Amino acid sequence: MTDLIKDEKPSHNPLDSMMKRLEIAIEKLGLDEQFANVLKVPDRCVIVNIPVMMDDGNLKVFEGYRVVHSSHLGPSKGGIRYSMDVNLDEVKALAAWMTWKCAVVNIPYGGAKGGIKCNPREMSTNELEKLTRGYTQALKSVFGPDSDIPAPDMGTGPQEMAWIVDEYSKIFGQNSFAVVTGKPIVLGGSLGRFEATGRGVMVSARSAMAKLGLKATECTCVVQGFGNVGSISAKLIEQLGVKITAISDISGGYYNPEGIDIMDAIDYVANCEFKSLEGFAKADKITNEEILELECDILVPAAMEDQITSDNASNIKAKLIVEGANGPTTANADSILNDLGVLVVPDILANAGGVTVSYFEWVQNRLGYYWTEERVNRRGDRAMKTAFDNVYSYSEKHGVNMRIAAYMVGIEKVANTLKLRGGF
Ligand code: NAD
């Protein structure tokens, strides 16, 4: 245990976490080393510098990234993150996770990710628009409906996607809605996309609860992060009959053992000055560290990477962790959770509902024919349930946990495609 803490502490690098699981899965699959080496590195990494004239008249340069990890199964797909913590290693890890994720849920996409080092909360709409258009200009030869298709991630949403569609369409002289997903509905967005990731988290939680014999009305759940994924996961899990006893966001944790009314909390965030849970009075304030260690049946980390580490994994009380965020658990924490008997539904499965409905959005854009929300939800739920059952039975068959099973399912598929395509 001490050794684990020693070797993990200095980095908490999501790329290390991704790579450690990749190595395990490669070994379990007995994959040819030369093919494995192709999967370990991204196809390409682009770094761009975007000058933006700020509202105060100062010219500021922002560093942005786009990493395409793989296009073997189809055009690469992955969100764009606006955060001060964005760095190339993080984007590389997130891009690789997208590759495995698309393969696990069986959609014809490769994996990519992008990001800009900025603090969107401190920027005006005008500055964000210039930044997003500048990023699109800089990456116009990377993005494309048949090559690389961005989507929202932390700090971005439908408005940023609308600016990308507009800028890209102007560059190429024709409307090109299929170049990004997660768009506003009037601009070719899909009904159900906004809730899709949280919905997939709920379907994963429901499927896992059935495997563990947990009854929804007797369960409690804690959700870390209250943005798109966290708030919607909390709302839909609550609708299953589960009591949500704690939620959190950047402002801290909020705990009420009697249960928190999630629609109430969502309305609070929408109407409060800071657009956060700051000041939410219907629960006791705790820290973001404490929230993870609360007594509960289900824990949904839905904020960011590296939240469950070898420092706190042994204090986790939940029986089930459903990873809404990408990379919330470090590789060294996996074995501790394993020993505790916690069932972890890994990120590349649990939060794949978003990319699944992104795929449906892209299909609708290309058909020029739009589906009802009921149809989107039904197909999305079915895809998530099928992927869950597939990974669960794979894990039982091969005697590995669900994370390694999901990596194995994804990697095997990409490696087979790579071999079939050949051309080296
Ligand atoms: P978001 O920007 O909508 O919300 C992020 C939330 O996390 C906010 O409530 C923020 O206050 C909170 N937060 C930030 N730092 C925190 C901290 N240190 N402790 C606790 N809370 C903190 O982002 P999102 O789209 O909900 O994404 C959350 C996670 O889910 C990310 O890891 C993202 O990559 C992943 N994800 C998102 C989608 C999607 O469709 N949006 C799909 C798959 C995975």
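As the structure is a prediction and not an experimental result, all values here were calculated from the model.

## Here's the deal with the site of the ligand
Among the 21 residues in the neighbourhood of the ligand, the closest are listed as R81, D153, T197, V229 and N326. Taking F226, its main chain carries an N or O atom lying 3.0 Å from an oxygen atom of the ligand. Contact distances for the ligand include 2.9 Å between an oxygen atom and a backbone N or O atom of N228. Protein contacts shield 84% of the accessible area of the ligand, which totals 820 Å² for the unbound molecule. Shared between two domains, the shell around the ligand takes at least three residues from each, and those domains are domain 1 (42-178) and domain 2 (196-350).

## Considering the domain arrangement of the chain
Many descriptions give the size of an interface as the accessible area lost when the pieces come together. According to the domain assignment, the chain contains domain 1 (42-178) and domain 2 (196-350). Computed from C-alpha coordinates alone, the two centres of domain 1 and domain 2 are separated by 27 Å. The partner domain 2 presents 10 residues to the 12 residues of domain 1 that form the contact. Interface area for domain 1 against domain 2, summed over the two sides, is near 910 Å², with a carbon-plus-sulfur share of 56%. By the criterion of area lost to domain 2, the three top residues of domain 1 are W97, K101 and R121, representing 48% of everything that side buries. The interface formed by domain 1 and domain 2 includes one salt bridge. Inspection of the domain 1/domain 2 interface yields two residue pairs in polar contact (both at pLDDT 80 or more). The element contributing the most residues to the side of domain 1 that touches domain 2 is helix α4 (residues 88-104), with six residues. Partitioning the side of domain 1 that touches domain 2 into residue classes produces five nonpolar, no polar and seven charged.

## Points about the packing of aromatic side chains
Inspection of every chain in the model, using the stated rule, returns 11 aromatic pairs. Between Y168 and F172 the ring centres are 4.5 Å apart and the planes differ by 40 degrees, which places this aromatic pair in the tilted class. You can see Y168 and its partner F172 sitting in helix α6 (residues 158-172), four residues apart, about one turn around the helix. We classify Y168 as buried; its relative accessible area is 7%. Here the aromatic rings of F388 and Y392 are separated by 5.9 Å at their centres, their planes lie at 15 degrees, and the arrangement is stacked. Separated by four residues within a single helix, F388 and Y392 lie in helix α14 (residues 373-398), roughly one turn from each other. The buried category is assigned to Y392, whose relative accessible area is 17%. An aromatic cluster is defined as three or more aromatic residues linked by ring pairs; in this entry it consists of Y109, Y359, F360, W362 and W371. Sitting above the plane of the W371 ring, R375 keeps its charged end 5.2 Å from the centroid. Here the basic side chain of R379 rests over the ring of W371, its NZ or CZ set 4.7 Å away from the ring centre.

## Remarks on the sheet that holds strand β5 (residues 148-152)
Pairing is mixed in the open sheet, where five strands are placed in the order β1-β2-β4-β3-β5. Lying at the two open borders of the sheet, with one neighbouring strand each, are β1 (44-53) and β5. Sheet twist, expressed as the mean angle between neighbouring strand axes with direction ignored, is 25 degrees. Examined bridge by bridge, strand β2 (residues 59-70) and strand β4 (residues 110-117) share six bridges and lie antiparallel to one another.

## Side note on the sheet that holds strand β8 (residues 252-255)
Spatial strand order, β9-β8-β7-β6-β10-β11-β12: seven strands in an open sheet with mixed pairing. Strands with a single pairing partner mark the edges of an open sheet, and in this sheet they are β9 (284-286) and β12 (343-345). Neighbour to neighbour, the strand axes of the sheet diverge by 20 degrees on average, direction disregarded. Alignment of β8 against β9, held across three bridges, turns out to be antiparallel. Of the residues in β9, the one forming a bridge with G253 is I286. Each of β10 (298-301), β11 (320-322) and β12 is contacted by helix α7 (residues 193-212), which is oriented at about 160 degrees to β11, the strand it contacts most.

## A look at the pairing of β2
Consecutive residues of a regular strand have side chains that alternate between opposite faces of the sheet. Judged from the 10 bridges that link them, β1 and β2 form a sheet pairing that is antiparallel. If you follow V48 over to β2, its bridge partner there is G64. Between the end of β1 and the start of β2, which pair antiparallel, lie five residues, with G57 showing a positive phi angle near 90 degrees.

Basis of the calculations
- Along each chain, the written sequence defines residue order, and numbers are assigned to residues from 1.
- In keeping with the model being predicted, local features are shown solely for residues with a pLDDT of at least 70 and side-chain atom pairs are shown and tallied solely at 80 or more, while totals for entire chains, interfaces and linings include all residues.
- Each side-chain value is derived from all of the structure's non-hydrogen atoms; neither hydrogens nor water enter the calculation.
- By convention in this text, a residue qualifies as near a molecule or strand provided that one of its non-hydrogen atoms is within 4 Å of it.
- Two N or O atoms form a polar contact when they lie within 3.5 Å of each other; inside protein one atom must be a possible hydrogen donor and the other a possible acceptor, and for residues adjacent in sequence the pair counts only when both atoms belong to side chains.
- All accessibility values rest on the Shrake-Rupley procedure with a 1.4 Å probe; residue burial counts only the protein chains present in the view.
- Domain start and stop points were drawn from an automatic or database domain assignment.
- Note on contacts: a residue pair is in contact if any heavy atoms of the two residues lie within 4.5 Å.
- The buried area of a pairing is the accessible area, by a 1.4 Å probe, that goes missing from both parts when the two are put together, added over both.
- Just to be clear on terms, a salt bridge is a Lys or Arg side-chain nitrogen sitting within 4 Å of an Asp or Glu carboxyl oxygen.
- Going along the chain from the N terminus, every DSSP run of H or I of four or more residues is numbered as a helix, and every run of E of two or more is numbered as a strand.
- Charged residues are taken to be Asp, Glu, Lys and Arg, nonpolar residues to be Ala, Val, Leu, Ile, Met, Phe, Trp, Tyr, Cys and Pro, and polar residues to be all remaining types, Gly included.
- Geometry of aromatic contacts follows a simple scheme: Phe, Tyr and Trp rings, the Trp one being its six-membered ring, pair when their centres are within 6.5 Å, and the pair is stacked under 30 degrees between planes, edge-to-face over 60, tilted otherwise.
- Summary of the burial criterion: residues with accessible area below 20% of their type's maximum are buried, those above 50% are exposed, and those between are partly exposed, where the area comes from a 1.4 Å probe applied to protein chains only.
- By definition here, charges over rings are those cases where NZ of Lys or CZ of Arg is within 6 Å of the ring centre and within 35 degrees of the ring normal.
- We treat two strands as partners when DSSP finds at least two bridges between them.
- Lines fitted to C-alpha atoms define the axes, with helix axes restricted to the stretch in contact, and inter-axis angles between N-to-C directions lie between 0 and 180 degrees.

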